[in-house]
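What follows is the residue order along each chain.
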Amino acid sequence: MSQFTKAFSHKLSWRSFLTDVFAILPIPQLLIVGLFFNIGGNDYLFKRKIVSGFLLIQFVSRIYRIYLSSVAITKSALGVRGVFNIFLYILASHVWLEPFGIFFSIQRQTSCWYRTCVATNVSESKCTFYCHHSTAALITLQFNTTLHEQCILKVPYNMTDPPFDFGIFFDALKNDIQGKINVPQKIGYCFWWGLRNWSNFGTSLTTSTYLWENSFAIFISIIGLLLFLYLIGNVQIYMERATTRANEVREKLRIKKNDIDNWIQNNGIEKDMKEEIMKNINEKLEKDISADLDDIYSILPPYTRKVVKRFVGMRTLRNVPMLSEVDGRVLKMMCDYLKPVKYQENTMVFKMGVPFDRMVFITDGSMWTYTTATDHQTCHSGNATSGGLVTSSSTEAHFLKKGDAYGHMLLQLASSSFTALPISVANVRCHTKVEAFVLMANDLRNIVTTCGDLWPDFKYI
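Enquirer: Kindly report on the packing of helix 8 (residues 183-199) against helix 9 (residues 211-266), identifying the contributing residues and their values.
Expert: Relative orientation and spacing of two packed helices are given, respectively, by the angle between their axes and the distance between those axes. It is at 8 Å that the axes of helix 8 and helix 9 come closest, and there the two elements cross at 65°. Considering their axes alone, helix 8 and helix 9 lie roughly perpendicular with respect to each other. Along its contact with helix 8, which presents Trp193, Asn197 and Trp198, the element helix 9 presents Phe216, Phe219, Ile220, Ile223, Gly224 and Leu227. Along the lines of polarity and charge, the residues of the contact of helix 8 with helix 9 split into seven nonpolar, two polar and no charged.

Structure, rendered in structure tokens:
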């Protein structure tokens, strides 16, 4: 545990720690609840500025955490980054300006109350917002009348020059945002107020001479401009990268078009299936430009891959004499277990005298089978026919081409629940690059078990 603590402390910087503390701990909220309504006297305005300062620190800390999140999300997909940038711009108007707007509106209202209280020749120490017996003497008819005249709680719409200069918060007070209106209306108005002033960089704001108000207006103007430039810049980058990605996709498709068309034509893919394959290839390249177009099956989604494998695999299996009359349900299950593979030219696929655990069905290219002189002396049969069965001893090479298969003994042994793998009676080497399906011995056991009586007895074929 101590080692973990030391490692964590080395990775955690003081700046990050302090930022998290000020962003998470509700320091200004506690000050407002425990201190704000108890402060009064000649140091009232100073203490209120302290509360405002802690509130500003909290929001700056949270802005910094959002910035770190924006940096981390740059590694995500282009679409995610684009949506996040727009969301960040809108979030700023809601999270940053809305609380500040409401808070400063209330502060300007209370400032008017405080100055009116002092102007009525009342001692500054008695001008407090905490309701107790010492303030009861202040609540007189004359005081209420003066307070109503100087600090109008609901400013009439036809009043353009109120006794107290509320500055940019005049509209908020006019709409009674600080009063007891329902929450949706308050949030809606404040959200629109913030978004509007972000968008025009605060140019429509008419401020008073109040320092914090002017600082707030300057903050809106500068940050609004920076956020707008950040948004436009990221949108431009997003569009450029999207255009570049589209060009890369088109270029890669152009280079590989002939290979893809040859693969589709070689496997007899129908038009509808071809369109679906090309659609999936485009989608895959848009997500990952480095996708391997030489392996079409790996690009296709599971359902499409299953359909294509069944279409191509069924034709390939039907070409094998031993499987030509097998029930279609069995062949479909075999197609689902087929694994597409590729062999490079001159690759040794099977070696004579060595057990093998797979059956190969060639879909493109050619192989050749042969036995050496030593092999001829020790084996009773050597060559493979076009079907892949070794039938006679010879040192001559026999070709296996598209539609042929090798490893039929695996089918024969599967019919008798084999426990040992068959031995290859010939060497099988790729003459060219070969595309094929392989059926593993373990998968063949599962097929035989599942099919039951549908599985034929190949011993008598």
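Enquirer: Now, about the pairing of strand 7 (residues 427-430): what can you tell me, with residues and values included?
Expert: Here strand 7 shows two buried faces, one formed by Asn427 and Arg429 and the other by Val428 and Cys430. Pairing between strand 4 (residues 367-370) and strand 7: four bridges, direction antiparallel. Paired with Tyr370 across the bridge in strand 7 is Asn427.

Enquirer: Explain a nonpolar patch on the surface to me, and be specific about the residues and the numbers.
Expert: A grouping of Ile218, Ile222, Leu225, Leu226, Phe228, Leu229 and Ile232 is seen on the molecular surface, where their side chains present a nonpolar patch of about 630 Å² in accessible area. The topology assignment puts Ile232 in helix 9.

Enquirer: If you had to explain the confidence of the model for the protein chain to someone new, which residues and values would you point to?
Expert: Across the protein chain, the average pLDDT comes to 75, with 75% of residues at 70 or higher. Taken together, the stretch residues 375-394 has pLDDT below 50 and engages in 51 contacts with residues farther than four places along the chain or on a different chain.

Enquirer: Go over the sheet that holds strand 4, please, and point to the residues and values.
Expert: Strands pair in a sheet through their backbones, by hydrogen bonds, and they do so in one of two ways: parallel or antiparallel. With antiparallel pairing, the four strands of this open sheet are ordered in space as 2-7-4-5. This sheet does not close on itself; its edge strands, each paired only once, are strand 2 (348-350) and strand 5 (398-400). Here the strands of the sheet are splayed against their neighbours by 35° on average, with no regard to which way each runs.

Enquirer: I'd love a proper account of the nonpolar core, names of residues and values included.
Expert: Nonpolar side chains tend toward joint burial in soluble globular proteins. Formed by 43 residues in total, the largest nonpolar core has its most connected members in Ile277, Ile281, Val308, Leu323, Met334, Phe361 and Trp455. Ignoring anything within four residues of it in the chain, the contact list for Met334 reads Leu317, Leu323, Leu411, Leu439, Ile447 and Trp455. Ile362, Met367, Cys430 and Ala436 belong to the second-largest nonpolar core, a separate cluster that totals 16 residues.

Parameters at a glance
Residues numbered from 1 in each chain as written. Predicted model: local features only at pLDDT ≥ 70, side-chain atom pairs only at ≥ 80, totals over all residues. Heavy atoms only, no water. Axes fitted to C-alpha atoms, helices over the stretch in contact; angles between N-to-C directions. Helix = DSSP H or I, 4+ residues; strand = E, 2+ residues; numbered from the N terminus. Parallel < 35°, antiparallel > 145°, perpendicular 65-115°, else oblique. Contact = heavy atoms within 4.5 Å. Nonpolar A, V, L, I, M, F, W, Y, C, P; charged D, E, K, R; others polar. Buried < 20%, exposed > 50% of the residue type's maximum accessible area, 1.4 Å probe, protein only. Pairing = 2+ DSSP bridges. Patch = residues over 30% accessible without salt bridge, like charges linked within 9 Å, V, L, I, M, F, W, Y side chains within 5 Å. Areas by Shrake-Rupley, 256 points an atom, 1.4 Å probe, with all protein chains shown as cover. Salt bridge = Lys/Arg side-chain N within 4 Å of Asp/Glu carboxyl O. pLDDT = per-residue confidence, 0-100. Core = buried A, V, L, I, M, F, W, Y, C linked by side-chain atoms within 4.5 Å.

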